[in-house]
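Here are the chains, one letter per residue:
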Amino acid sequence: GLATIPKAPADFLMGLKKDFLADESTQKVALVVGAYRDDKGRPWRVPAVMEAEKRYFEDSSYFKHEYSPILGISEFTHAASQVLLGKDSPALAEGRVCSVQTLSGTGALHIGALLLTRFLPSPTPWAFVPAPTWHLHRQCFEHVGLTVKDYPYYDGVTKSLTFSAMESALRSAPPGSVVLLQVCAHNPTGLDLDEEQWRLIVSLVQEQRLFPFLDCAYQGFASGSLTKDNLAIRLFIEAGVEMVIAQSFSKTMGLYGQRVGCFHYVAAAHSDAPGVVERVASQLAILIRSEMSAAPSYGPRVASIVLNDSELYAEWERNLVTMSSRITEMRWKLRQELEKLETPGTWKHLTDQIGMFGFTGLTPAQCQRMKSKHHIHLPSSGRMSISDLNTANVARVAMSIDEVVRW
Ligand code: PMP
């Protein structure tokens, strides 16, 4: 039996959550989870999505509780691919894309990794992930048997991207290796490649014959523009590279728990692309069927209403601007407060970064003191969920940072 099963370590965010719940201070603040909050610290129901839910419940024509098809609801997956790649993407026009519904972005990472371990030519390739990266990348990949290696991404001293080190590490990656690239709003550093750097990576991937695995969890959430945020994807498509992409609507539609996302396979630009796409889809159907039979339907149907209605789509684009600009505002506010206090160090990096997280540069000991002395909870990496900042708490967070930095 399982009597001797070893106890597994808790997920690192779970431990933080427990500490936060146990903290009895009325002043406590958690800057931990990547879930958007409004200026009152409340979850924000995205207005376009709320309207879509209303329409979903008003419309009695839906077979609402029937199974979704194995590969997902096609109105949803098709519209999702248009958002991700761009409506006029040559890859869509040339039939080079296959899009399937997954258990949000995490499920897409999983199904993608599984597909690659099963069908990339053996031996199973290495998978390269940025150092640091979202902790589930490594976990998801190792779970299906990939050997995970780091490539340099961030320098803690200069608080900037280590692009040339990243480039040379990938240049020495064995051909056939999988390389995970975050499309925008890099978690946890908030630092993305610029256009020129992306172009260099696209060429390098082609020259080295690496297999790109793109992770897109924040499209529109980083800059407020869906088109600006998918630049990396468009550059890979332009080059005709074969790749896979994990797409999540958790943050962008505020549908976290509904698990709304897709996995996309994009075939290389060659004459047999539609044939490859068809065969990949047939294998994905087996993997998905074996794992979950079919994906959930409520969240994707609601998302589909937003994506397929021009008015709601335009509203959603405005909602993305609302979320991303409040985050930018909080970055500036925190930086200004720290500069006002003349907190030792520089704080420009807070506004150079983009997306949900701020990589503060606080040390593990300083983060510990933030919690024990100031009741402000953040992981020991110093990653701060920026949207947990608001007009009521940002000054106190800055004062606490000031105290721990001088300590
Ligand atoms: N990738 C990255 C980089 C993320 O930060 C997240 C969410 N934290 C995801 C993927 C996937 O999230 P979900 O499974 O909720 O879509």
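Since this is a predicted model, take the numbers as computed values, not measurements.

**Thoughts on unusual backbone geometry**
Stage number 1. Residue proline 132 is bonded to the preceding alanine 131 through a cis peptide linkage, with omega at 0 degrees.
Stage number 2. Within the secondary structure, proline 132 is located in the loop between strand E3 (126–131) and helix H6 (135–143).
Stage number 3. Between asparagine 187 and the following residue, proline 188, the backbone shows a cis peptide bond with an omega angle of 15 degrees.
Stage number 4. Within the element layout of this structure, proline 188 appears in the loop between strand E7 (178–182) and helix H8 (195–208).
Stage number 5. Of note in the backbone geometry, serine 104 takes a positive phi value of approximately 60 degrees without being a glycine.
Stage number 6. By secondary structure assignment, the location of serine 104 is in helix H5 (residues 104–119).
Stage number 7. For serine 104, a count of 26 C-beta atoms within 10 Å corresponds to the buried category.
Stage number 8. For arginine 209, which is not a glycine, the phi torsion comes out positive at approximately 55 degrees.
Stage number 9. Here arginine 209 shows up in the loop between H8 and strand E8 (211–216).

**Notes on the sheet that holds strand E4 (residues 147–152)**
Stage number 1. Strands sit in the order E2-E10-E9-E8-E7-E3-E4 across an open sheet of seven strands; the sheet is mixed. One side of each edge strand has no neighbouring strand; the edge strands of this open sheet are strand E2 (97–103) and E4. When the angles between neighbouring strand axes are averaged without regard to direction, this sheet yields 25 degrees.
Stage number 2. With two bridges connecting them, E3 and E7 associate as parallel partners. Looking at the pairing, phenylalanine 128 lines up with valine 179 of E7.

**Points about H6**
Stage number 1. Looking only at H6, the buried set comprises His137, Cys140 and Phe141. The buried residues of H6 occupy an angular sector of 95 degrees when the element is viewed end-on, so they sit on one face.
Stage number 2. Next to the buried residues of H6 lie H5, E3, E4 and E7.
Stage number 3. Glycine 145 sits one or two residues past H6 and shows a positive phi near 100 degrees.

**Focus: the nonpolar core**
Stage number 1. Core analysis: the largest hydrophobic core is formed by 108 residues, its most contacted members being Phe128, Val179, Leu214, Ile233, Ile245, Ala303 and Val306.
Stage number 2. With seven residues, helix H14 (residues 310–340) is the largest single contributor of residues to this core.
Stage number 3. The residues that make up this core include at least three from each of domain 1 (12–44 + 317–406) and domain 2 (67–308).
Stage number 4. In this view, leucine 214 contacts Leu181, Val183, Ala232, Ile233, Met243 and Ile245; residues no more than four positions away in its chain are not counted.

**Examining the environment of glutamine 208**
Stage number 1. Of note, glutamine 208 is situated in helix H8.
Stage number 2. Taking the C-alpha atoms as reference points, glutamine 208 and proline 174, separated by 34 residues in sequence, lie 7.6 Å from one another.
Stage number 3. Once residues within four sequence positions are removed from consideration, glutamine 208 is found in contact with Leu170, Arg171, Ala173 and Pro175.

**A look at the domain arrangement of the chain**
Stage number 1. Parsing the chain into structural domains produces domain 1 (12–44 + 317–406) and domain 2 (67–308).
Stage number 2. Averaged C-alpha coordinates put domain 1 and domain 2 at centres separated by 28 Å.
Stage number 3. Taken together, the contact between domain 1 and domain 2 spans 22 residues of the former and 23 residues of the latter.
Stage number 4. Taken together, the residues of the side of domain 1 that touches domain 2 sort by class into 11 nonpolar, nine polar and two charged.

**Remarks on the packing of helix H3 (residues 74–85) against helix H13 (residues 298–307)**
Stage number 1. Where H3 meets H13, the axes come as close as 9 Å, and the angle between the chain directions of the two elements is 55 degrees. When the axis of H3 is compared with that of H13, the two are oblique. In this structure, the crossing between H3 and H13 has a hand that is left-handed. Two secondary-structure elements touch here, H3 through Glu75, Phe76, Ala79, Ala80 and Val83 and H13 through Pro300, Ala303, Ser304 and Leu307.
Stage number 2. Partitioned by chemical class, the residues of the contact of H3 with H13 number seven nonpolar, one polar and one charged.

**Some remarks on the environment of leucine 161**
Stage number 1. Note on placement: leucine 161 falls in strand E6 (residues 160–161).
Stage number 2. Exposure remark for leucine 161: the 21 C-beta atoms within 10 Å place this residue in the buried category.
Stage number 3. In the structure, leucine 161 is positioned 76 residues away from isoleucine 237 in sequence and 24 Å away in space, judged by C-alpha atoms.
Stage number 4. In this structure leucine 161 touches Tyr153, Tyr154 and Leu191, once residues within four positions along its chain are discounted.

**Points about the site of the ligand**
Stage number 1. If you check the shell around the ligand, you find 13 residues, and the closest are Ser104, Gly105, Thr106, Ser248 and Ser250.
Stage number 2. The biggest single contributor to the shell around the ligand is H5, with three residues.

About the cut-offs
- Residues numbered from 1 in each chain as written.
- Predicted model: local features only at pLDDT ≥ 70, side-chain atom pairs only at ≥ 80, totals over all residues.
- Helix = DSSP H or I, 4+ residues; strand = E, 2+ residues; numbered from the N terminus.
- Buried ≥ 20, exposed ≤ 12 C-beta atoms within 10 Å, placed from the backbone.
- Pairing = 2+ DSSP bridges.
- Axes fitted to C-alpha atoms, helices over the stretch in contact; angles between N-to-C directions.
- Arc of directions from axis to C-beta.
- Contact = placed C-beta atoms within 7 Å.
- Core = buried A, V, L, I, M, F, W, Y, C linked by C-beta atoms within 7 Å.
- Domains from an automatic or database assignment.
- Nonpolar A, V, L, I, M, F, W, Y, C, P; charged D, E, K, R; others polar.
- Parallel < 35°, antiparallel > 145°, perpendicular 65-115°, else oblique.
- Left-handed = near helix turned anticlockwise from the far one by under 90°.
- Near = placed C-beta within 6 Å.

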